[in-house]
Amino acid sequence: MKQVLDFEKPIVDLKEKIAELKSFTDDSDIDLETEISTLEKRLEKLENDIYGNLQPWHRVQMARHQERPTTLDYIQELFTDFIEFHGDRSYGDDEAIVAGIAFYQDNPVTVIGHQRGKDTKENIRRNFGMPHPEGYRKALRHMRQAEKFQRPIICFIDTKGAYPGKAAEERGQSEAIARNLMEMAGLSVPIICIVIGEGGSGGALGLGVGDHIHMLENSTYSVISPEGAAALLWKDSGLARQAAETMKITSYDLKELDVIDQVIPEPRGGAHRDIKAQAGHIDAVLAGSLKELASLSADELLEKRWEKYKQIGDYQEL
Amino acid sequence: MLKDFFGKKRKYATIPNEESKIDIPEGLMKKCDKCHKIYYRKEWNKNINVCPNCDYHHPLTAWDRINSLFDEGTFVEWDRQLTTTNPLAFPGYEEKVDKDRNKTGLNEGVVTGKGIIDGQETACSVMDSNFRMGSMGSVVGEKISRALENAKNESLPFIIFTASGGARMQEGVLSLMQMSKTSVAVKRFSDAGGLMVSVMTHPTTGGVSASFASIGDYNFAEPGALIGFAGRRIIEQTIREELPDDFQTAEFLLKHGQLDKVVHRHEMKSLLTVLLSMHAQGRKNV
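Residues numbered from 1 in each chain as written. Chains lettered and ligands numbered in written order. Predicted model: local features only at pLDDT ≥ 70, side-chain atom pairs only at ≥ 80, totals over all residues. Heavy atoms only, no water.

1. Comments concerning the environment of Glu241(B)
Secondary-structure assignment places Glu241(B) in the loop between helix H8 (232-239) and helix H9 (250-255). Excluding residues within four positions of it along the chain, Glu241(B) makes contact with Lys166(A) and Glu236(B). (Helix = DSSP H or I, 4+ residues; strand = E, 2+ residues; numbered from the N terminus. Contact = heavy atoms within 4.5 Å.)

Given below as structure tokens:
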């Protein structure tokens, strides 16, 4: 069953009506071709109106769409010979993060990403893509290996956040994320981070320090979920829609704030409509990033990374 | 119980008269937040805001902390001229910042600078939870990053006292990105051979605990300080079970291997002095 978002309802209704008329035409002698073509034109316009004018809250819904492609979907489309490796070597294997190596255009790369489940059973196994400390430590282990073998690192970001649980605190959720931020700052290989769904706060950032940060058009990146922001700021989580606007969390907002490098376009109606087309858009941007970063020496890379982060923020000097 | 029948019930409440109110100057006495014992303000000051009775560590302002550690008159403040803007045009944000600026006399939630502790020069950043809960916005991130760069350039050690509720919501993703920015600065400082000591004080949570607070060469905390990534209420809602009383305290973190040491406020200066002297040799070779 396809998940229909509330704002898409008029489109779905109209599509159903067209399908109805078509089957009616097929089954009887009455010709409704002109009606159908009028409706199809109206559908085209309606789709353009709705998808061409998405509000922040609509994009939040898109980013959370059940059928939205995940890290493993993109890995399959973009890379060859992906081998997944498990475990942080000190506690366990966190399936909320996948990591491994693969070929990208005949060159080996390290690929790491948050991984949501496609159904309830998988979601339980993967903890809904919300990592524990061992997930971040597994990621860091792979990043260090990438540095040793001088492979670029590609991170896919897609999480509601790091898991807020008792065990996570006991094992040092804060330290695990902080360590990744610090170590990623100093890795002498190119790091490219792509937000593909939800970029939830520190849990997203734990895979998010890099040379180039890109976002899919309908993904979000925020310090707190719109619901959380509304509860905290206005004591009413029902104001999430408003918070989504105020908090500036869409790809275009982040581009405007100079936090990300590129907005990667999505097929009309969202990434889930056409995974291959979406992978194609990512491919183009990724290839460009890798090419640009490959020309830099390790020192230049690190200096540019510092320059990049140094300028993020807004303040006055009196 | 039988004795319940004989309970003394007061018919009237005692209200201090106007005269007795006038007799006690404002702020002469201070009550402990935990055990409620009352002591003279002088005694609190002498005790660096630690309760003489129950040892509860009350929050310190950034300047009280600095004065408790640095040799008199040696602390030089950095970047006091940086002030907050309203990058997301968030309703009411400027007013809130102005209010706390007036209340605390600080430009933002952290004081950075350098000074001398028992004859040894060091860079230091002290967060103040009285300023928007010590939350990290662009100015806090910038000041800490600059302090780390200054420390690197001047070959000084870097000590940070954290006190923060986490990210500054009103600056949205720019606040989140201060976590990366400060961490990149820590990495540069650390790679240059610098000594970084992090002392987590009450409270150190969210984005601050998940960035520079947790990545010192030595991570200390004051007794009883609340330290953690996620909020207690959120965790209770998520896992649907009650958490132990000591959950996310300094002692809890120590038990779970997340801290080097819990340090009493009265011992902080002597510990830092020894630690600085033990690393002085290495610095000369940098």
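2. Overview of the side chain of Asn127(A)
All names here are of chain A. Locating asparagine 127 in the fold gives a position in the loop between helix H5 (120-125) and helix H6 (133-148). For asparagine 127, a relative accessible area of 19% corresponds to the buried category. Of the polar contacts made by the side chain of asparagine 127, one reaches the backbone oxygen of methionine 130; its length is 2.9 Å. (Buried < 20%, exposed > 50% of the residue type's maximum accessible area, 1.4 Å probe, protein only. Polar contact = N/O pair within 3.5 Å; in protein donor to acceptor, adjacent residues only side chain to side chain.)

3. Notes on the nonpolar core
The nonpolar side chains of a soluble globular protein tend to be buried with one another. Ranked by internal contacts, the top residues of the largest apolar core, which has 119 residues, are Ile112(A), Ile153(A), Tyr221(A), Val259(A), Phe158(B), Phe161(B) and Phe212(B). Ignoring anything within four residues of it in the chain, the contact list for Phe161(B) reads Arg65(B), Leu69(B), Cys124(B), Ser125(B), Val126(B), Met127(B), Val199(B), Thr201(B), Met268(B) and Leu272(B). (Core = buried A, V, L, I, M, F, W, Y, C linked by side-chain atoms within 4.5 Å.)

4. A few points about the pairing of strand S2 (residues 97-104) of chain A
Every regular strand shows the same layout, with side chains that alternate between the two sheet faces. Residues and elements named next belong to chain A. Counting buried positions along S2 gives six out of eight residues, so the element sits mostly inside the fold. With three bridges connecting them, strand S1 (residues 80-84) and S2 associate as antiparallel partners. Across the sheet, residue threonine 80 finds its bridge partner in S2, namely phenylalanine 103. Looking at chain direction, S2 and strand S3 (residues 107-114) are connected through eight bridges and run antiparallel. Residue phenylalanine 103 lies in a different strand from S3, and its bridge partner there is proline 108. Between S2 and S3, which pair antiparallel one after the other, the connecting turn spans two residues, and glutamine 105 there sits at a positive phi close to 45°. (Pairing = 2+ DSSP bridges.)

5. Some points on the domain arrangement of chain B
Residue and element names in this part refer to chain B. The domain architecture assigned to chain B consists of domain 1 (21-57) and domain 2 (59-285). Computed over C-alpha atoms, the centres of domain 1 and domain 2 are 26 Å apart. Residue-level contacts link six residues of domain 1 with eight residues of domain 2. Carbon and sulfur atoms supply 57% of the area that domain 1 and domain 2 bury against each other, a total of about 780 Å² over both sides. It is Ile48, Asn49 and His57 that lose the most area in domain 1 upon contact with domain 2, and together they represent 74% of the buried surface on that side. Inspection of the domain 1/domain 2 interface yields zero salt bridges. Grouping the amino acids of the side of domain 1 that touches domain 2 by side-chain chemistry returns two nonpolar, three polar and one charged. (Domains from an automatic or database assignment. Buried area = accessible area lost by both parts, 1.4 Å probe. Salt bridge = Lys/Arg side-chain N within 4 Å of Asp/Glu carboxyl O. Nonpolar A, V, L, I, M, F, W, Y, C, P; charged D, E, K, R; others polar.)

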